[in-house]
Amino acid sequence: MKKARMTARGLWPLFGAVALFVAAGSLQNALLGFHLAAEGLDSGMTSFLIALYFGGFFAGAYHAPKLVRAFGQITAFALPAIAAGILLPLFAVSDSLPLIALLQLLTGFAIACQYVVAESWLNLEADSSFRARLFGLYMIFWFAAAAGGPLLLSLGEQELAPLFFLCGAMMTLSGLLVRRLKGREWQGEFALPMPLKPVWQACPTGFIATLLVGISFGAVLGLTAAYGQHRGLDAAGTSVFVAAFIIGGALTQYLAGFLSDRFGRLPVLFAFTLLATLSAMALLYVRADAQLYAAALAFGAFALPIYALGVAQVQDQVAERARVAASGGLLILNGFGSFIGPLLIAALSAPFGPAALFIVLGAAHGLLALAVLIGAYLPIARAAD
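This is a predicted model, so every value here is computed, not measured.

Each value, and the rule that gives it
- Sequence order sets the numbering: in each chain, residues are counted from 1 along the sequence as written.
- Reporting in this predicted model follows two pLDDT cut-offs: at least 70 for local features of residues, and 80 or more for side-chain atom pairs to be given and counted; totals over whole chains, interfaces and linings ignore these cut-offs and use all residues.
- With hydrogens and water stripped out, all remaining heavy atoms of the structure feed into the side-chain values.
- Under the pairing criterion, centres of Phe, Tyr and Trp rings, with the six-membered ring standing for Trp, must be within 6.5 Å; the plane angle then separates stacked pairs below 30 degrees from edge-to-face pairs above 60, leaving the rest tilted.
- Each helix corresponds to a stretch of at least 4 residues labelled H or I by DSSP, and each strand to a stretch of at least 2 residues labelled E; elements are numbered beginning at the N terminus.
- Under the scheme applied here, a residue whose accessible area is under 20% of the maximum for its type counts as buried, over 50% as exposed, and between as partly exposed, the area being computed with a 1.4 Å probe on protein chains only.
- By convention in these notes, a salt bridge is any Lys or Arg side-chain nitrogen within 4 Å of a carboxyl oxygen on Asp or Glu.
- Each helix should span, by expectation, one fewer than its residue count multiplied by 1.5 Å.
- pLDDT measures how confident the predictor is about each residue, on a scale from 0 to 100.
- A contact between two residues is defined here by any heavy atoms of the two lying within 4.5 Å.
- Where helices are involved, their axes are fitted lines through C-alpha atoms of the stretch in contact, as for all axes, and angles between N-to-C directions lie from 0 to 180°.
- Less than a right angle of anticlockwise turn of the near helix away from the far helix marks a crossing as left-handed, whereas a clockwise turn marks it as right-handed.
- The classification used treats Ala, Val, Leu, Ile, Met, Phe, Trp, Tyr, Cys and Pro as nonpolar, Asp, Glu, Lys and Arg as charged, and all other residues, Gly among them, as polar.
- Angles below 35 degrees are treated as roughly parallel, those above 145 as roughly antiparallel, those between 65 and 115 as roughly perpendicular, and all remaining angles as oblique.
- For our purposes a nonpolar core is just a set of buried Ala, Val, Leu, Ile, Met, Phe, Trp, Tyr and Cys residues, chained together by side-chain atoms within 4.5 Å.
- Note on patches: the residues involved have over 30% relative accessible area and no salt bridge, like charges join within 9 Å, and the nonpolar side chains Val, Leu, Ile, Met, Phe, Trp and Tyr join within 5 Å.
- Where accessible areas are quoted, they stem from the Shrake-Rupley method and a 1.4 Å probe; at the residue level, only the protein chains shown are allowed to cover.

**So, the packing of aromatic side chains**
Throughout the structure, instances matching the rule amount to nine aromatic pairs. Ring centres of F15 and F141 lie 5.0 Å apart, and the angle between their planes is 10°; this geometry places the pair in the stacked category. Of this pair, F15 sits in helix α2 (residues 12-38) while F141 sits in helix α6 (residues 131-151); the two residues are 126 residues apart in sequence, bridging distant segments of the chain. With relative accessibility at 3%, the residue F15 sits in the buried group.

Here it is, written out as structure tokens:
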């Protein structure tokens, strides 16, 4: 416990930088979703444009280890932060859909590089005895920032453009803050290339969990604001709705990490996945706004900690030298899930309308619960053989 506390104290600039760039990214996605819906763009095209951000994220996660090998981890974090700080205000100056699509790709690429560096840093500093708790602490900062970002949406009741400039400023500041971190450079030593196959071989359940929970991230961060707009919520109501998911995740994040460090990854992963499935189904049937907010809080509480549990499970199984690459591989999986989630929702929005959002979320977590059960059973089956 003492070692965990000392490690966390030494990483405070990283936690602060993460809070800044996550708040900027989540506000940008909420801003864009709300703006496109207010302009009358249909839910299918809105979903497609949101998905492009995660397409860029996918590419950035793949190439980030190359940046670390070339420049070291601090520069590999700071350069994309500055680039994203320049790109984000450009959303405010154009309604051109091709330009918005390009900006979504580039912004997703830059932010993914920051994620790879931040999560690799954490996993190199932790060991299996407190990895999930340290990662849970990181995710608390993540969720607090991701919830705070959309809440700023209410400040743009009259004009959204200044908020895009605020996003750019926060992103640039995150790049400056991370330069205060001190410690060893792991430029090439730990930034080995790692295709996805070794991640699968090391931990199939963590592989599947990271992939499927990406659908939740893509939907919650990218499409819940648009859902609120289609439902008839005003800007303040939409902010509360989006933030409810993320606040729920923040409330249970450390608890999930503590339980998994104490009792094992798979039992906790299964319990949270099953409850997330039930919460997604509840979101299909609630009617009153208060019930909607409560169901969103419950879904976030059970669904959003799953990412940290999956990452901890995989990182327990890989060698230290492979952890940067493993972080990149896991973010590729998460980014791919975040990319295909909005596309699946867009495809189902014609027959099901806005309810497609929660149909896809429920189905994804139901599949994950089944995968966790299989992952828990297979070792017993092999031992019996």
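**Focus: the pattern of salt bridges**
Pairing of side chains with opposite charge becomes possible as their charged atoms draw close. Tallied over the full model, the rule gives one salt bridge. R265 is the partner of D261 in a salt bridge, and the nearest nitrogen-oxygen pair spans 2.8 Å. Look at R265 and you get buried, because its relative accessible area is 10%.

**Focus on helix α5 (residues 97-125)**
Every α-helix carries 3.6 residues per turn, so stepping three or four residues along brings you back to the same face. Given a rise of 1.5 Å per residue, 29 residues ought to cover 42 Å, and the 42 Å separating the end C-alpha atoms of α5 matches this to within 8%. Burial runs high along α5: 21 of the 29 residues are buried.

**Re the confidence of the model for the protein chain**
This prediction gives the protein chain a mean pLDDT of 78; 84% of its residues lie at or above 70. Confidence, read as mean pLDDT per element, is least for helix α1 (residues 2-10) in the protein chain (58) and greatest for helix α12 (residues 265-285) (89). Low pLDDT, under 50, characterises residues 380-385; the predicted model gives this stretch zero contacts beyond four residues in sequence or across chains.

**Looking at the environment of L106**
By the secondary structure assignment, L106 is in helix α5. Judged by its relative accessible area of 39%, L106 falls in the partly exposed class. Note: C-alpha distance between L106 and G60 (46 residues apart in sequence) is 8.8 Å.

**Some thoughts on the packing of helix α11 (residues 235-263) against helix α13 (residues 289-303)**
It is at 6 Å that the axes of α11 and α13 come closest, and there the two elements cross at 35°. Between α11 and α13 the crossing geometry is right-handed. Together, G237, V240, F241, A244, F245, I247, G248, G249 and T252 of α11 and L292, Y293, A296, L297, F299, G300 and A301 of α13 make up the contact between the two elements. When grouped by side-chain class, the residues that make up the contact of α11 with α13 number eleven nonpolar, five polar and no charged.

**Quick look at the packing of α12 against α13**
Following both chains from N to C, one finds α12 and α13 inclined at 160°, their axes separated by 8 Å at the closest point. Considering their axes alone, α12 and α13 lie roughly antiparallel with respect to each other. As for the relative orientation of α12 and α13, their crossing is left-handed in sense. Listed contacts from α13 to F272, L275, A276, S279, A280 and L283 of α12 are L292, A295, A296, A298, F299, A301, F302 and A303.

**A short note on the environment of T46**
Tracing the chain through its elements places T46 in helix α3 (residues 43-71). Judged by its relative accessible area of 2%, T46 falls in the buried class. Counting along the chain gives 180 residues from T46 to A226, while the straight-line C-alpha distance between them is 8.0 Å.

**Topic: the nonpolar core**
Counting residues in each nonpolar core, the largest one holds 118 residues, and the members touching the most others are Y115, Y138, M139, W142, F245 and F299. Among the elements that line this core, the one with the most residues is α2, at 15 residues. Residues within four places of F299 in sequence aside, it is in contact with S216, V220, F245, A276, S279, A280, L283, L304, L361 and H365.

**Structural notes on helix α7 (residues 161-177)**
For α7, with 17 residues, the first-to-last C-alpha span of 25 Å sits near the 24 Å given by 1.5 Å per residue. By the burial criterion, the buried members of α7 are A161, L163, F164, C167, G168, M170, M171, S174, G175 and L177.

**Here we look at a nonpolar patch on the surface**
Together, M45, F48, L97 and L343 line one region of the surface with nonpolar side chains, adding up to about 300 Å² of accessible area. Mapped onto the secondary structure, L97 falls in helix α5. The class of L97 is partly exposed, set by a relative accessible area of 33%.

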